[in-house]
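# Tertiary structure, described
Chain residues, written in single-letter form:
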Amino acid sequence: MSNPKFTREEALAFHLEPTPGKWEVSPTVPMNTQRDLSLAYSPGVAVPCEDIAKDPGLAYDYTNKGNLVAVISNGTAVLGLGNLGALGSKPVMEGKAVLFKRFADVNSIDIELDTEDPDEFCKAVRLMGPTFGGINLEDIKAPECFIIEQRLKEEMDIPVFHDDQHGTAVICAAGLINALHLSGKKIEDVKIVLNGAGAAGIACIELLKRMGARHDNCIVADTKGVIYQGRTDGMNQWKSAHAVKTDARTLEEAMVGADVFLGVSAKGAVTQDMVRSMADNPVIFAMANPDPEITPEEAHEVRMDAIVATGRSDYPNQVNNVLGFPYLFRGALDIHARAINDEMKIACAQALADLAREDVPDEVALAYGKNLSFGRDYIIPTPFDPRLIHRIPPAVAKAGMDTGAARRPIIDLVAYEESLKSRMDPTASILRSINARARTAQARMIFAEGDDPRVLRAAVMYQRSGFGKALVVGRSADVKTKLEEAGLGDAVREIEVVNAANTQHLDRYKQFLYERLQRKGHDRQDIHRLAARDRHVFAALMLQQGHGDALVTGATRKSAHVMELINHVFDADASHGAAGVTALLLKGRIVLIADTLVHEWPDEEDLANIAERAAEVARLIGLEPRVAFVSFSTFGYPVSERAEKMHLAPHVLDRRGANFEYEGEMTVDVALNRTAQKFYPFQRLTGPANILVVPARHSASISVKLMQEMAGATVIGPILAGVDKSIQICSTASTASDILNMAVLAACKGG
């Protein structure tokens, strides 16, 4: 899976829109009435304050301390960019906070401290200790990072974890466990060479020694050569701890006969001759970013028996810290840990190694576009493996309990594992699966409105993200100007601009359209105007004639008008069973609303058609359909003539033998709430509905817009279903990201 390309302008826009930054704070309790405010603040808040003052451990019960981590930096070693200062590090720290939430449901706040003085830094962090359940240190240069972490671990009673050190070390250890297993070697026997004696390198070698690697078998090198006993140049106490008796003075000399190479240094530090000199079945972890010490291609060119890992996502065996720190903290927080000790790190590494040896879920294989199985090219799990959240934290928690780090041990680890499965937002995996399928489909996507900057940005993102070829309908000069204005001038050479003037297929398009519309009041002059001058009709003709795989339109014209134009080319109306389905994503749930586009006032037969189309969409995005025909009544009460069709629609599906769950008529709360469904034991849904079929298009539109504006739901759609080709119609209020989402959905069906 390659790294998506993006421009400077795109990166800045991502951080600017829709609001500056990457996270916000939202309350978890009601804050609507005076009573709510009195409970949340004064006077109600006094009660837990008094209890916590008597028993500080109650802070984990009555505040968010137990699920809150501080991501703290002074910006002295930001990524590979160097000392950018505290404020320059804030985008990275915000990103780290988002990763905590995304991967392990850990709340996190970024804090940037404007000091390079270790004493001031430690004092500031220590004074903030009561607020947090854990401290994640980030992007602090060596050797200060060693001093700061050690002091804070001694002075604080919550986990303090420098991820640049230990995050890399844990994932490296996990990969090495499996690499040595495949090589038939034991850690206590192998010769290990480490190049790079900074924070990550020292942490890696120290953890491996805790796991059984022998001190005399480990050689560490830095920019001045091998760290040997007696060396004085460029030394410090952390390097001196790993000095060994050896005649080797250069990395090249140290590599002779080595079983393992670990690199956290610089591009090109390892040559093919060095790799040739290593022992049989060498293990090479070239973890320098963004470019490794030696690429897998270069290593395998001289040693086919090598197992190679890098820090890159476009190579197998990525050593990625996101496999570690979220789950380490999840497990530590859940036992109210005093620290994250070596045993917890080793447990994390072993759990990751064990997971990589198991069968890989289909959704992971789909996300990476290939089947993955334990072997030389798969020794570390992928970051998007859904099992990580419920497999790694229990191992960490158990190690913490076994070593006395837990304030509050978990009694039932099986129940704990089950609870972790429900913590994560299922929408994330569904959206990831959609993106993966689109990337596999490689659909030629037609963007009909090339005169709109949002559409152009979406088209560029579609192609640069590796989904397929973007075909933009518009005038070349206009497209070029608008791309340049959007800061995407270099994309002119990438995307393909299509119009009536530069295609050799126009006569073919017009002939097809004339044959279709000649008995509907259109003469050849009408046909020419439609095919040559209307971008929506032209784009639809491209799709119909196979000159693209899918179509996205609607960003500049109201959906009803766009539908009218598309129907000149396709049978996308109610009489042919088409329907519009809109997906609402909110708080970890996805609910489809139908019909939001085609049917003005459907009868029971139409409603059954809509349900079938919505079920197709649900399966397209990875949901098992559960349809509820919703009304203001539930199973006949109150009685209403207008609710009758909602009562009859399920019987139509009964007659058709539909192969999905459905029930109705029912109110929305019964449809979506499992507890409410229990009052009707005869009803057939096995859980909350994920498809709501509503009585009419106006009620669908009202429902969607109300959820969007009042609840902040993410809206994808309407998704046009029941048409032979893949056509998606955006809202005129769509952002570039919304249009891209629609294109990705269209690609899943059209590729």
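This structure is a prediction, so every number in the text was calculated from the model and none was measured. (Residues numbered from 1 in each chain as written. Predicted model: local features only at pLDDT ≥ 70, side-chain atom pairs only at ≥ 80, totals over all residues. Heavy atoms only, no water.)

### What about the overall build of the chain?
Secondary structure assignment for the chain yields 32 helices and 21 strands. At 30 Å, the chain has a C-alpha radius of gyration in line with the 27 Å of a compact globule built from 751 residues. Overall size of the chain, expressed as C-alpha extent along the three principal axes, is 95 × 70 × 45 Å. Expressed as a percentage of the 751 residues in the chain, the buried residues total 53%. Taking as baseline every contact in the chain between residues at least 6 positions apart, the subset at least 24 positions apart corresponds to 71%. Looking at the chain as shown, the accessible area adds up to about 33,200 Å², and 52% of this sits on carbon and sulfur atoms. (Helix = DSSP H or I, 4+ residues; strand = E, 2+ residues; numbered from the N terminus. Rg over C-alpha atoms; globule rule 2.2 N^0.38 Å. Buried < 20%, exposed > 50% of the residue type's maximum accessible area, 1.4 Å probe, protein only. Contact = heavy atoms within 4.5 Å. Areas by Shrake-Rupley, 256 points an atom, 1.4 Å probe, with all protein chains shown as cover.)

### Describing the UniProt feature "domain: Malic enzyme N-terminal" (unreviewed entry) in the chain
Per the UniProt annotation, the sites labelled "domain: Malic enzyme N-terminal" (unreviewed entry) are residues 20–153. Strand forms 12% of residues 20–153 and helix 44%; the C-alpha atoms that close the span are 34 Å apart. (UniProt positions renumbered as here; feature names shortened; annotations may be inferred.)

### What to know about the sheet that holds strand E8 (residues 260–263)
Spatially, E7-E6-E5-E8-E9-E10 is the arrangement adopted by the six strands of the open sheet, whose pairing is mixed. The open sheet has two edge strands, strand E7 (225–226) and strand E10 (307–310), and neither has a second partner. Pairing of strand E9 (residues 283–286) with E10 involves four bridges; the strand directions are parallel. Within E10, the residue paired with phenylalanine 285 across the bridge is alanine 309. (Pairing = 2+ DSSP bridges.)

### So, helix H24 (residues 524–533)
Where H24 is concerned, the buried positions are Ile527, Leu530 and Ala531. The buried residues of H24 occupy an angular sector of 85° when projected down its axis, which confines them to one face. Each element contacted by the buried residues of H24 is listed here: helix H23 (506–517) and helix H25 (535–544). The N-cap of H24, judged by a side-chain oxygen 3.1 Å from the amide nitrogen of glutamine 525 a few residues on, is aspartate 523. (Arc of directions from axis to C-beta. Polar contact = N/O pair within 3.5 Å; in protein donor to acceptor, adjacent residues only side chain to side chain.)

### Focus: the sheet that holds strand E2 (residues 107–112)
Within the open sheet, the four strands sit side by side as E2-E1-E3-E4. Their pairing is parallel. Each of the sheet's edge strands pairs with one partner strand only, and the pair in question is E2 and strand E4 (160–162). Sheet twist, expressed as the average angle between the axes of neighbouring strands with direction ignored, equals 25°. Each of strand E3 (134–137) and E4 is contacted by helix H8 (residues 144–155), which is oriented at about 165° to E4, the strand it contacts most. (Axes fitted to C-alpha atoms, helices over the stretch in contact; angles between N-to-C directions.)

### Comments concerning the environment of threonine 19
By the element assignment, threonine 19 lies in the loop between helix H1 (8–16) and helix H2 (34–40). Under the relative-accessibility criterion, threonine 19 is labelled partly exposed at 46%. Linking threonine 19 and alanine 351, residues 332 residues apart in sequence, is a C-alpha distance of 38 Å.

### A word on the pairing of strand E12 (residues 470–473)
Going residue by residue along E12, you find Ala470 and Val472 tucked away on one face and Leu471 and Val473 tucked away on the opposite face as well. Relative to E12, strand E11 (residues 445–447) runs parallel, the two sharing three bridges. Bridged to phenylalanine 447 within E12 is valine 472. Bridging between E12 and strand E13 (residues 496–498) involves three bridges; their strand directions are parallel. Bridge pairing in E13 places leucine 471 opposite glutamate 496. Once the chain exits E12 it traverses helix H22 (residues 476–485) before rejoining the sheet at E13, and the crossover so formed is right-handed. (Right-handed = clockwise from strand over helix to strand, strands pointing away.)

### Some details on a nonpolar patch on the surface
On the surface, Trp23, Val25 and Ile109 cluster together into a nonpolar patch covering about 270 Å² of accessible area. For isoleucine 109, the location among the structural elements is in strand E2. (Patch = residues over 30% accessible without salt bridge, like charges linked within 9 Å, V, L, I, M, F, W, Y side chains within 5 Å. Salt bridge = Lys/Arg side-chain N within 4 Å of Asp/Glu carboxyl O.)

### Focus on the packing of helix H21 (residues 453–464) against H22
Two elements in contact, H21 and H22, have axes whose closest approach is 10 Å; the angle formed by their N-to-C orientations is 80°. With respect to H22, the axis of H21 lies roughly perpendicular. Where H21 approaches H22, its residues Pro453, Leu456 and Val460 are matched on the opposing element by Val479, Lys482 and Leu483. Looking at the contact of H21 with H22 residue by residue, the classes come out as five nonpolar, no polar and one charged. (Parallel < 35°, antiparallel > 145°, perpendicular 65-115°, else oblique. Nonpolar A, V, L, I, M, F, W, Y, C, P; charged D, E, K, R; others polar.)

### Quick look at the side chain of threonine 115
Note on placement: threonine 115 falls in the loop between E2 and helix H7 (118–127). Threonine 115 gets classed as buried once you look at its relative accessible area, which sits at 14%. Those residues within four positions of threonine 115 in sequence are excluded, and the remaining contacts are Asn74, Glu120 and Phe121.

### Quick notes on helix H10 (residues 199–210)
Helix length check: H10 (twelve residues) gives 17 Å between terminal C-alpha atoms against 16 Å at 1.5 Å per residue, within 8%. Burial analysis of H10 places ten of its twelve residues in the buried class, which makes it a mostly covered element. Positive backbone phi, at 125°, marks glycine 212, one or two positions downstream of H10. (Expected span 1.5 Å × (residues − 1).)

### Looking at the pairing of E8
Residues Val260 and Leu262 of E8 are buried on one face, and the alternating residues Phe261 and Gly263, pointing to the opposite face, are buried as well. Pairing between strand E5 (residues 192–195) and E8: four bridges, direction parallel. Each residue of the ladder has a partner; that of asparagine 195, found in E8, is glycine 263. The pairing of E8 with E9 spans four bridges and is classified as parallel. From the neighbouring strand, phenylalanine 261 faces E9, where its bridge partner is isoleucine 284.

### Considering the packing of aromatic side chains
With the rule as written, the count across this model stands at twelve aromatic pairs. Both rings, one in phenylalanine 100 and one in phenylalanine 329, keep their centres 5.4 Å apart while their planes meet at 80°; by these two values the pair is edge-to-face. Of the two residues, phenylalanine 100 is situated in helix H6 (residues 90–104) and phenylalanine 329 in helix H15 (residues 325–334); the sequence distance between them amounts to 229 residues. The two residues phenylalanine 100 and phenylalanine 329 agree in class, both being buried. With 5.0 Å between their ring centres and 25° between their planes, phenylalanine 146 and tryptophan 238 make a pair best called stacked. (Phe/Tyr/Trp six-rings, centres within 6.5 Å; stacked < 30°, edge-to-face > 60°.)

### Here we look at the side chain of serine 183
For serine 183, the location among the structural elements is in helix H9 (residues 163–183). Overall, serine 183 belongs to the buried group, its relative accessible area being 11%. Of note is the side chain of serine 183, whose polar atom sits 2.9 Å from the backbone oxygen of alanine 179.

### Section: the environment of alanine 649
Along the polypeptide, alanine 649 turns up in helix H28 (residues 644–656). Considering only alpha carbons, one finds alanine 649 and glycine 230, 419 residues apart in sequence, at a separation of 86 Å. Discounting residues that sit within four places of it in the chain, alanine 649 has contacts with Glu604, Leu607, Ala608 and Phe629.

### A look at unusual backbone geometry
For the bond from tyrosine 637 to proline 638, the omega torsion is -5°, close enough to zero to count as cis. Residue placement: proline 638 occurs in the loop between strand E17 (626–630) and H28. That bond from glycine 664 to glutamate 665 is cis: its omega, 0°, falls within 30 degrees of zero. By the element assignment, glutamate 665 lies in strand E18 (residues 661–666). Look at asparagine 281: it is not a glycine, yet its phi comes out positive at around 50°. As for its placement among the helices and strands, asparagine 281 is situated in the loop between helix H13 (272–276) and E9. Classification of asparagine 281 by relative accessible area gives partly exposed; the value is 23%. The phi dihedral of histidine 336 is positive, around 50°, even though this residue is not glycine. Structurally, the position occupied by histidine 336 is in the loop between H15 and helix H16 (342–356).

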